[in-house]
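An overview of the molecular structure
Below are the chains, spelled out letter by letter.
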Amino acid sequence: MDLQAAIGRRRDGGPSTAEDFQNLAHGAADGSTPDYQLSAWLMAAFLNPLTPSETAELTLAMADSGERLDLSGLPKPWVDKHSTGGVGDKTSLVVLPMLAACGLTVVKMSGRGLGITGGTIDKLSSVPGFRTDLSPEELKAQAKSIGIALTGQTPRLAPADKALYALRDATGTVESIPLIASSILSKKIAGGAEVIVLDVKCGSGAFMRDLESARALKQMLEDIGGHAGLTVRAFISDMDQPLGRCAGNALEVKEAIRVLKGETGRFRELCVHCVRTVLEACGLPDRAVEVLEGGSALAKAKEWFAAQGGDLTVFESEDWGRAAVVREVRAAQAGWVERVDARRIGELVVNLGGGRKRKEDAIDPAVGCEVLVEVGDQVRAGDAVLRVHSASVFEDGEDCVIFSAEPVVRRDVILES
Ligand code: URA
């Protein structure tokens with residue numbers, strides 16, 4: 001499909017026509033538009049952002065570039081969650097089994113890593129055997145039997161997003177509110193859920209660096225979701241420091257399992273908030289802590305991993321997916337932790353091989369970074385603050401943590417609910 005005229009219209013500031021969006025979505029989905037034209041359109045849309053009504057049209061065109069999953073016959077409510085992307089964000093690995101343990105049906109389509117932000121699919125792919133390519137029929141059957149099913153972007157559901165997402169990652173066109181909103185919501189619409197909770201990340205490790213732009217993305221997600229007939233709740237959470245202790249694929253799966261087994265901290269707090277928000281949106285009582293503490297979320301996670309072919313021994317021991325070299329970065333001075341720069345940690349993980357620089361790059365699932373301190377912690381000179389897991393000797397990471405001689409106030413994980 002030739003996109004030349006549509007590219008010109010976007011380059012000149014729009015408006016784009018409904019036909020432009022349909023041609024773009026179909027050409028991306030069936031491969032008939034070359035990558036160079038799609039990339040040119042994306043850059044034009046990055047520089048001349050779509051209006052809210054154009055974003056809604058693009059979202060629907062992308063959602064309809066493939067099938068829409070029909071969840072009828074499955075127990076209600078049908079729910080889903082999505083984050084706008086961050087460093088160390090393994091929330092889905094804990095929240096999905098918590099929601100299913102509460103009796104909800106969760107069918108989710110997740111992405112690969114994008115820029116410095118990790119992707120749920122890359123994290124789960126670090127688990128030996130775990131399948132992330134379920135067909136719509138398999139998704140539905142699995143959700144019917146255990147309440148939870150997850151797949152990567154498939155050629156049948158919102159295939160336009162799969163193609164555009166990979167190109168945005170490689171063309172510097174990720175950080176656009178209309179492109180993020182249409183990417184997320186097209187997948188949600190195609191996935192069939194009726195109630196969707198969105199975690200809008202804000203800070204150096206997120207696409208939205210400040211509260212103002214996070215609020216604008218939240219508003220756009222709520223408006224377009226509502227326009228598409230979905231119940232959407234969104235909240236803003238901190239991504240100025242990485243979420244939890246680990247960034248890197250296998251390391252994050254191990255951390256998620258520890259939280260399902262009872263580990264506490266900011267990451268668990270976010271998971272509980274997310275589940276409470278879904279339950280509240282569905283008009284159901286709050287059981288978030290109960291399913292974690294009673295072990296039913298952990299049991300559901302095991303059922304889920306087993307159903308998708310994942311090796312269940314990952315729940316018994318952390319002796320898998322280990323990197324060859326582990327090095328500690330130490331505090332150069334005594335004081336308080338002022339910053340753990342999520343962006344720097346994200347870049348470090350990508351440079352270690354835990355993320356992609358080009359869309360065809362392979363991921364090393366074992367590499368990553370353990371963050372041993374949080375903003376506000378007191379440290380002595382020489383205390384270990386990071387543990388860098390790499391495939392070979394790798395001297396980097398010294399500038400990820402910044403210290404202050406004065407006490408520093410801790411940051412809340414939920415910035416606006
Ligand atoms: N998550 C998505 O699914 N798409 C984006 O564009 C950003 C985050």
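On a predicted model such as this, the values are computed, not experimentally measured, just so you know. (Residues numbered from 1 in each chain as written. Predicted model: local features only at pLDDT ≥ 70, side-chain atom pairs only at ≥ 80, totals over all residues. Heavy atoms only, no water.)

Let's talk about the overall build of the protein chain
We count it as follows: Secondary structure elements follow DSSP: runs of H or I no shorter than four residues count as helices, runs of E no shorter than two count as strands, and numbering proceeds from the N terminus. Every radius of gyration here is taken over C-alpha atoms, with the globule rule written as 2.2 Å times N^0.38, N being the number of residues. Residue contacts follow a heavy-atom distance rule, with two residues in contact if any of their heavy atoms lie within 4.5 Å. Surface accessibility in these figures is a Shrake-Rupley result with a 1.4 Å probe; residues are shielded only by whichever protein chains are displayed. Residues scored as positive are Lys and Arg, those scored as negative are Asp and Glu, and His as well as the terminal groups of each chain are ignored. A charged residue contributes its charge at one atom only: NZ of Lys, CZ of Arg, CG of Asp or CD of Glu.
Across its full length, the protein chain carries 15 helices and 13 strands. Here the protein chain has a C-alpha radius of gyration of 21 Å; the compact-globule value for 417 residues is 22 Å, and the two agree. Over its C-alpha atoms, taken along the principal directions, the protein chain stretches across nearly 60 × 45 × 35 Å. Taking the intrachain contacts of the protein chain between residues at least 6 apart in sequence as the baseline, contacts between residues at least 24 apart amount to 78%. Element-wise, carbon and sulfur atoms account for 50% of the exposed surface of the protein chain, whose accessible area totals about 15600 Å². In the protein chain, which carries 47 positive and 59 negative side-chain charges, the distance between the mean positions of the two groups comes to 2 Å.

Some thoughts on the site of the ligand
Worth spelling out the cut-off: The nearness test applies per residue and asks whether one of its heavy atoms lies within 4 Å of the molecule or strand. Distance and chemistry together define a polar contact, namely a pair of N or O atoms within 3.5 Å, with one atom able to donate a hydrogen and the other to accept it when in protein, and with adjacent residues in sequence counting only for side-chain atoms on both sides. Charged means Asp, Glu, Lys or Arg here, nonpolar means Ala, Val, Leu, Ile, Met, Phe, Trp, Tyr, Cys or Pro, and polar covers whatever is left, Gly included.
In the vicinity of the ligand, the contacting residues are His82, Ser83, Thr84, Leu114, Tyr165, Arg168, Ile180, Ser183, Ile184 and Lys187. Arg168 has a polar side-chain atom sitting 2.8 Å from an oxygen atom of the ligand. Residue Lys187 places a side-chain N or O atom 2.6 Å away from an oxygen atom belonging to the ligand. Alone, the ligand offers 240 Å² of accessible surface; in the complex the protein occludes 97% of this. Mapped by element, the contributors of at least two residues to the shell around the ligand are β1 (78-83), α8 (159-171) and α9 (177-191). Of all the elements, α9 adds the most residues to the shell around the ligand, at 4 residues. Here the shell around the ligand is composed, by residue class, of 4 nonpolar, 4 polar and 2 charged.

Focus: the pattern of salt bridges
Inclusion rule: What makes a salt bridge here is a side-chain nitrogen of Lys or Arg within 4 Å of a carboxyl oxygen of Asp or Glu, nothing more. With a 1.4 Å probe rolled over the protein chains alone, any residue whose accessible area is under 20% of its type maximum counts as buried; one over 50% counts as exposed, and the rest are partly exposed.
Throughout the structure, instances matching the rule amount to 41 salt bridges. With a shortest N-O distance of 2.9 Å, Glu318 and Arg258 are connected by a salt bridge. On the criterion of sequence distance, the pair formed by Glu318 in the loop between α14 (296-307) and β7 (325-330) and Arg258 in helix α11 (residues 249-260) is long-range, its members being 60 residues apart. The class for Glu318 is partly exposed, based on a relative accessible area of 34%. Residue classification places Arg258 among the partly exposed positions, given a relative accessible area of 21%. Each member of the salt-bridge network shares a partner with another, and the members are Arg245, Glu328, Arg330, Glu370 and Arg387.

Let's talk about the packing of α8 against α9
Put simply, the test is: Comment: axis = line fitted to C-alpha atoms, over the contacting stretch for helices; angle = value between 0 and 180 degrees taken between N-to-C directions. Handedness of each helix crossing follows the sense of rotation of the near helix against the far helix: counterclockwise by less than a right angle gives left-handed, clockwise gives right-handed.
Contact pair α8 / α9: the axes reach a minimum separation of 10 Å and the direction vectors enclose 145°. Between α8 and α9 the crossing geometry is left-handed. In this structure, α8 uses Asp161, Tyr165 and Arg168 to contact α9, whose residues at the interface are Leu179, Ile180, Ser183, Ser186 and Lys187. Of the residues in the contact of α8 with α9, the class split is 3 nonpolar, 2 polar and 3 charged.

Overview of the environment of Pro52
Its place among the elements puts Pro52 in helix α4 (residues 52-63). In the structure, Pro52 is positioned 264 residues away from Glu316 in sequence and 48 Å away in space, judged by C-alpha atoms. If sequence neighbours within four positions are ignored, Pro52 has contacts with Met220 and Ile224.

Considering the sheet that holds strand β6 (residues 246-247)
Quick note on the threshold: Two strands are said to pair when DSSP picks up at least two bridges between them.
Strand order across the open sheet formed by 4 strands is β6-β9-β11-β7, with antiparallel pairing between neighbours. Sheet topology places β6 and β7 at the edges, where each strand pairs with a single neighbour. Sheet topology note: the β7/strand β11 (residues 384-390) ladder contains 6 bridges and is antiparallel. Across the sheet, the residue bridging to Arg330 is Ala384, located in β11. Taken strand by strand, helix α15 (residues 342-354) contacts β6, β9 (368-371) and β11, and its axis lies near 145° from that of β9.

Quick notes on the pairing of strand β2 (residues 105-109)
Just so we agree on the cut-off: Note on handedness: a crossover is taken as right-handed if, strands pointing away from the viewer, the path from the first strand over the helix to the second is clockwise.
Of all 5 residues in β2, 5 are buried; the element is thus mostly enclosed. The side-chain alternation of β2 yields two buried faces, one formed by Thr105, Val107 and Met109 and the other by Val106 and Lys108. Strand direction decides the pairing type here: β1 and β2, joined by 2 bridges, are parallel. Its bridge partner being in β2, Trp78 is matched across the sheet by Thr105. Between the parallel pair β1 and β2, the chain is carried across by helix α5 (residues 91-101), and the sense of this crossover is right-handed. Examined bridge by bridge, β2 and strand β3 (residues 148-151) share 4 bridges and lie parallel to one another. When the bridges of β3 are listed, Met109 appears paired with Thr151.

Regarding the nonpolar core
For the record, the criterion: Think of a nonpolar core as a cluster: buried Ala, Val, Leu, Ile, Met, Phe, Trp, Tyr and Cys residues, connected wherever their side-chain atoms sit within 4.5 Å.
By size, the foremost hydrophobic cluster in this structure holds 78 residues, and its most contacted members are Met98, Trp304 and Ile345. Ranked by residues supplied to this core, first place goes to helix α12 (residues 266-281) with 9 residues. The residues touching Met98, leaving out its near neighbours within four places in the chain, are Cys271, Val272, Val275, Ala288, Val291, Leu292 and Ala297.

So, α11
Going by this rule: Take the number of residues in a helix, subtract one, and multiply by 1.5 Å to get its expected span.
Its 12 residues give α11 an end-to-end C-alpha distance of 17 Å, which sits within 8% of 16 Å, the value for a rise of 1.5 Å per residue. Of all the 12 residues making up α11, 11 are buried; the element is thus mostly covered by neighbouring parts of the structure. Among all positions in α11, only Asn249, Ala250, Leu251, Glu252, Val253, Lys254, Glu255, Ala256, Ile257, Val259 and Leu260 are buried. Positive phi appears at Gly262, one or two residues downstream of α11, with a value of about 125°.

Observations concerning unusual backbone geometry
A cis geometry characterises the amide bond from Gly14 onward to Pro15, with omega recorded as 0°. The linkage connecting Lys76 with the following residue, Pro77, adopts the cis geometry, with an omega of 0°. Along the chain, Pro77 falls in the loop between α4 and β1.

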